[in-house]
Amino acid sequence: MGINLSVNFLGKKLTTPVILASGVSGYSDELIPFLDPNSVGAITTKTITLQPREGNPPPRIIEVPGGIINSIGLANMGVAAFIKEKLASLLKLPMKKIVSIGGAKEEEFPLLARMLSEFRGIDFLELNLSCPNLKKQKLFAQEPETCLKIIKNTKRVSPFPLIAKLSPQVTDIKEVALACEEGGADALNLINSLPVLCYYAAGKKLRGGLSGPPLKPLSLRLIEETRKVTSLPLIGTGGIYAGKDIIDYFLAGANCVSLGSVLLLEPSAPARIAKELKEILASSGYDSLSCFSSSTGL
Amino acid sequence: MEWNLTITGNTPLNPSHFLLELQVPSSFPPPRPGQFVHIRIGEPPCFLLRRPFSIFSFQSKKRRIEVFYRIVGRGTKALSQKKKEEKINLLGPLGTPFNWDTGTVPLLVGGGRGIAPLHFLYQEMKKTGIEPYVLFGFKNAEDTVFRERFSPEKFLLSTEDGSAGEKGKVTDVLKKHIPYFQGKINKIFSCGAKEMLQEIHLIAKKEKFACEVSFEQFMGCGIGICQGCVVKTKQGYKRICREGPVFNADEIAWE
């Protein structure tokens, strides 16, 4: 039986529900040799900022029992160099393209969207409202009013649908989700890594974002709660290492998923995961993902 | 670049040091000294990141690569328990190798497990008719593996406790012997802890020797994507897995 993994996401057809998350796909060029393009629905760039950022001092990545802590600090070449050096090859890729943008200040988000607006090969913009590795006291994603304002102002100038990437470190995810929806977000991505701290050697600490398997149950719960209050498409992120993880995300109410940490271990993981997803559907007698339409509400 | 290889040997050299031998297919790109392999030790959730290891040797006729490692944590502990005939997944060969040419008169300075890429460099240099000087430093006599592989007349050994070779840190032993090397060598190649590499660079700079250093560093992806392994250079942070692990020591912004 031919299994069709394609999903409709904001009016565009994704070959599979598998999106490659921001930060683990670079600008796409280094990862592409490892990928089977048919297994990937969309690829998300590193978060691009207005000015180049050199990122945080090392160490930047540490394995802790069951998870990974990173503190890259949004190291990136800045939007001008990204447009000049990386965008053309990104736009040639067969999968859908999501450019992640991040502002040090609220007003930088619409500026970035405006600078990218002429490159219509971009499919979506993702607003990184939730990077845990910046010096800011509070994440944008922890302030519903700020999220609303950023999205509203970006929406005005963006020809692309907007995805808001949210943080798990909030009192009430529903409040944030609704603020994003009111601001005009087209979809939500839950969740970014969880702000944590570890001592990796005597007296030496790393403050960073926790990712990997521990994030999955947290993300599932937040997706389930968010799904209760909004019909916006949801991307589920956190701890996806196998096809069966995707099923859990669909059951909780996600429409697509994004792979993060697994790509660090296994850059060719999307093909394996898509194959596993097909096998699960086939063994249950389904030939597409439409069986999940009741949980996703779409 | 991703391979499932068969382990042809995983031999303890002493309680903490091992030599892993892997059979590679004919399509495996011939590695160059300084390059590394990124080994998948185990499965999630126990092992979420690969571990990088310098290539210790490559035998093109036998199609074998060797990896020399010391048990330093749970990843290398798990690696030491792998048996002959088991399969192992790795990415490689990765990274930027050492540079030399026919005019290079090299001194290789290694500390501890940092001897691994230098052993491969030694083998490849010898193939091109270059006989390098070698200075290796270890903690104690028990760790002094592979000394028989180097020409004794050009090989210096040191241990921190003095139980074999000369007593002292490898950098102190190098300083002591600088008069001997003056006028003989023109480039130092080194691998070891960052503090050691910094001292080696200072010595090389003072003596006007060229100097390349290879960094030992925990990595994320190993293929240049995540920017998890970086070193500060005079041109900003550079990725150890991609622009490195070998750098011209003059490029590094030593702290």
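Everything here concerns the structure above.
Note that this is a predicted model, so its numbers are computed, not measured.

Draft legend 1. Quick look at the overall build of chain A. Along its length, chain A carries 9 helices and 14 strands. Whereas a compact globule of 298 residues would reach a radius of gyration of roughly 19 Å, chain A reaches 18 Å, a difference of no more than 12%. Reported as C-alpha extents along the three principal axes, the dimensions of chain A are approximately 50 × 50 × 40 Å. The burial tally for chain A puts 55% of its 298 residues in the buried class. Sequence-distant contacts, at least 24 apart, represent 72% of the contacts inside chain A between residues at least 6 apart.

Draft legend 2. How the structure looks around the packing of helix 2 (residues 108-116) of chain A against helix 3 (residues 144-157) of chain A. Residues and elements named next belong to chain A. The N-to-C vectors of helix 2 and helix 3 enclose an angle of 20°; their axes lie 8 Å apart at closest approach. Relative to helix 3, the element helix 2 is oriented roughly parallel. The two elements helix 2 and helix 3 cross, and the hand of that crossing is right-handed. Here F109, P110, A113 and R114 of helix 2 lie close against helix 3, whose contacting residues are I150, N153, T154, R156 and V157.

Draft legend 3. Structural detail: unusual backbone geometry. Of note, the bond from L190(A) into I191(A) is cis; its omega dihedral lies within 30 degrees of zero at 15°. Positionally, I191(A) belongs in the loop between strand 10 (187-190) and strand 11 (194-201). Put simply, G244(B) and P245(B) share a cis peptide bond, and its omega is 10°. Relative to the helices and strands, P245(B) is located in the loop between strand 15 (236-239) and strand 16 (246-248). Look at E85(B): it is not a glycine, yet its phi comes out positive at around 80°. Mapped onto the secondary structure, E85(B) falls in the loop between helix 1 (74-80) and strand 7 (87-94). At F146(B), a position not held by glycine, the phi torsion is positive, near 70°. Topologically, F146(B) is positioned in the loop between strand 9 (133-138) and strand 10 (155-159). Here F146(B) falls in the partly exposed class, since 16 other C-beta atoms lie within 10 Å of it.

Draft legend 4. Geometry of the sheet that holds strand 3 (residues 36-40) of chain B. Residues and elements named next belong to chain B. Strand order in the open sheet made by the 7 strands is 4-3-7-1-2-6-5, with antiparallel pairing throughout. Sheet topology places strand 4 (51-54) and strand 5 (57-59) at the edges, where each strand pairs with a single neighbour. Here the strands of the sheet are splayed against their neighbours by 35° on average, with no regard to which way each runs. Where strand 3 meets strand 7, 4 bridges bridge the pair, whose relative direction is antiparallel. Note that in strand 7 the partner of I39 across the bridge is L90. Contacts between helix 2 (residues 115-127) and the sheet are confined to strand 4, strand 5 and strand 6 (64-70), with strand 5 contributing the most and set at about 40° to the helix.

Draft legend 5. Main features of the pairing of strand 14 (residues 230-233) of chain B. All names here are of chain B. Bridging between strand 14 and strand 15 involves 4 bridges; their strand directions are antiparallel. Its bridge partner being in strand 15, T233 is matched across the sheet by G236. Following strand 14, the chain reverses through 2 residues before pairing antiparallel with strand 15.

Draft legend 6. Quick peek at the sheet that holds strand 9 (residues 162-166) of chain A. All names here are of chain A. Ordered by their spatial adjacency, 8 strands build a closed barrel running 3-4-7-8-9-10-13-14, and the pairing between neighbours is parallel. Sheet twist, expressed as the average angle between the axes of neighbouring strands with direction ignored, equals 25°. Where strand 3 (residues 18-20) lies against strand 14 (residues 256-259), 3 bridges are found, and the strand directions are parallel. What sits directly across from V18, in strand 14, is V257. Packed on one face of the sheet, helix 5 (residues 215-229) meets strand 10 and strand 13 (234-237) and runs near 165° to strand 13.

Draft legend 7. Focus on the environment of L220(A). Residue and element names in this part refer to chain A. Along the chain, the position of L220 falls in helix 5. Judged by C-beta crowding, with 22 C-beta atoms within 10 Å, L220 ranks as buried. Counting along the chain gives 97 residues from L220 to D123, while the straight-line C-alpha distance between them is 26 Å.

Calculation notes
- Residues numbered from 1 in each chain as written.
- Chains lettered and ligands numbered in written order.
- Predicted model: local features only at pLDDT ≥ 70, side-chain atom pairs only at ≥ 80, totals over all residues.
- Helix = DSSP H or I, 4+ residues; strand = E, 2+ residues; numbered from the N terminus.
- Rg over C-alpha atoms; globule rule 2.2 N^0.38 Å.
- Buried ≥ 20, exposed ≤ 12 C-beta atoms within 10 Å, placed from the backbone.
- Contact = placed C-beta atoms within 7 Å.
- Axes fitted to C-alpha atoms, helices over the stretch in contact; angles between N-to-C directions.
- Parallel < 35°, antiparallel > 145°, perpendicular 65-115°, else oblique.
- Left-handed = near helix turned anticlockwise from the far one by under 90°.
- Pairing = 2+ DSSP bridges.

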